[in-house]
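Descriptive structure summary
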Amino acid sequence: MAVPWMLLLASLSTFHLGIFIWAVIRHFLTVKIPSGLQQPIKLRFLHCMILYMFALGDILEKLRICSMLKFIQFMHDVTVVKKNHNLVVTNMKFGTIPVRLFQPKAVSSKLRRGIIFYHGGGTICGSLDFYHNLCSFLAQETDSVVLSVGYRKLPDHHHPSLSKDCLNASIHFMKGLKTYGVDPSRVVVCGESIGGGAVAVVIQALLNFPSLPQICAQVLITPGIQALNLLLPSHQQHQNVPLLTKDILMMAFCKYLDIDLSWKDAIINGTCIPPDIWKKYRKWIGSDNIPGRFKSKNLLPEFPGPFNEAAYLETKHILEAEMSPLLVDDKIIAQLPKAFLVSCEYDPLRDHTLLYKKRLEDQGVPVTWYHVEDGFHGCIVLFDKHPFSFPCSIKIVNALVGYINDL
């Protein structure tokens, strides 16, 4: 009886090895590792594992065992949640929204700073567990009460579920700040990647709630905050740099918008944007706003193709504030709190931060900008994932803690 089991194990091993070899081949055919990135072998391995998981998830979906996205989320959350004995960690729900509260155990003579945190992951992955260690670190190192928001994700929930959940959870928290030992004058809203975009959405929406305490500062870490111009220099220069390649970005983008992936070329090339809309917003989202040192030669022109009305009708929700908070009027931008913005050189979303920085500064909003020359998208969450942490991961976390402590 042992022989069939051995054959089965051998077959499974061969199956997984074949998928991994395919992932490695695809990686080397499609990915570019810039010379300025440190520890390239480690980054290559991580990206190969991502491709492996996507490929295995796709096979499981085709076999109708489980959806590819559910499999990715399951694998992504196989993570070690470190217990911090200096904190009280409480899982709660604000209505139907799961949240996690991190509170320092030490007695304080005054109310503490509050940090509302929205995690990244493109609504494909990311969770309260995966970002637990980062939120725990922020709570301890800044002596703050941290609220992590577990918004709804794919495949069951689409735009605008993320921004709605983040806003509703934030309002609920801010209505009872003193209950959680938080000083209403020292509330920071912080987010990474798509969670950074949610920060921009939420702080704009909170302007409509004057009875709530005002946000002290906004912290956006490698955010995506506009969906009209995907031909910015960083999109072109770093489209094949892990961990956020163009293929992964567009898959997450289309699935969150609940549109077919066949529209991705129209979105990338801008043919889904009416000429009058592009003319109206170019002053804010055009590459003319990007400093010259961030531009390489031989960049494609922005929106060279003819307008595709069918593509516009399918994708027009990218013009909504919940998808592109960078497009709101100057009078709204001018009311926003001071900002701490983090960008990474080898991130396709790098220029989103640069555009937001300019818009804020043009309206007199104080901005502290931290640019990581050897950084890539998503590196912050690896800060304690040894042996897969990178120097840039530590740099961002330390800069974040330093900024918050100085508030």
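Described in the following lines is the structure provided in the data block. (Residues numbered from 1 in each chain as written. Predicted model: local features only at pLDDT ≥ 70, side-chain atom pairs only at ≥ 80, totals over all residues. Heavy atoms only, no water.)

Turning to helix α6 (residues 194–205), a few remarks are in order. The end-to-end C-alpha distance of α6 is 17 Å, a good match for the 16 Å that twelve residues give at a rise of 1.5 Å each. Listing the buried residues of α6 in full gives G195, G196, G197, A198, V199, A200, V201, V202, I203, Q204 and A205. Looking at the packing, one finds that the buried side of α6 touches β3 (112–118), α5 (161–175), β5 (182–192), β6 (217–221), α12 (330–333) and α13 (350–362). (Helix = DSSP H or I, 4+ residues; strand = E, 2+ residues; numbered from the N terminus. Expected span 1.5 Å × (residues − 1). Buried < 20%, exposed > 50% of the residue type's maximum accessible area, 1.4 Å probe, protein only. Contact = heavy atoms within 4.5 Å.)

A separate point is the pairing of strand β7 (residues 338–346). Taken across its nine residues, β7 has eight buried, putting it largely inside the fold. The pairing of β6 with β7 spans five bridges and is classified as parallel. In the strand pairing of β7, A217 is matched with K338. Sheet topology note: the β7/strand β8 (residues 367–376) ladder contains seven bridges and is parallel. Following the sheet pairing, A339 is matched in β8 by V367. Once the chain exits β7 it traverses α13 before rejoining the sheet at β8, and the crossover so formed is right-handed. (Pairing = 2+ DSSP bridges. Right-handed = clockwise from strand over helix to strand, strands pointing away.)

With the rule as written, the count across this model stands at eleven aromatic pairs. Relative to Y131, the ring of F117 lies with its centre 5.9 Å away and its plane at 40°, an arrangement referred to as tilted. Here Y131 lies in the loop between β3 and α4 (132–142) and F117 lies in strand β3, a separation of 14 residues in the sequence. Y131 matches F117 in its accessibility class, with the two residues each being buried. (Phe/Tyr/Trp six-rings, centres within 6.5 Å; stacked < 30°, edge-to-face > 60°.)

Turning our eyes to something else, we now look at the pattern of salt bridges. Close approach of charged atoms lets side chains of opposite charge pair. Enumeration over the complete set of coordinates arrives at 16 salt bridges. The residue R100 makes a salt bridge to D129 at a minimum N-O spacing of 2.9 Å. Here R100, found in strand β2 (residues 97–104), pairs with D129, found in the loop between β3 and α4; they are 29 residues apart in sequence, far enough to count as distant. Among the residues examined, R100 registers a relative accessible area of 9% and is labelled buried. Look at D129 and you get partly exposed, because its relative accessible area is 29%. Each of K82, D384 and K385 takes part in a single network of salt bridges with overlapping partners. (Salt bridge = Lys/Arg side-chain N within 4 Å of Asp/Glu carboxyl O.)

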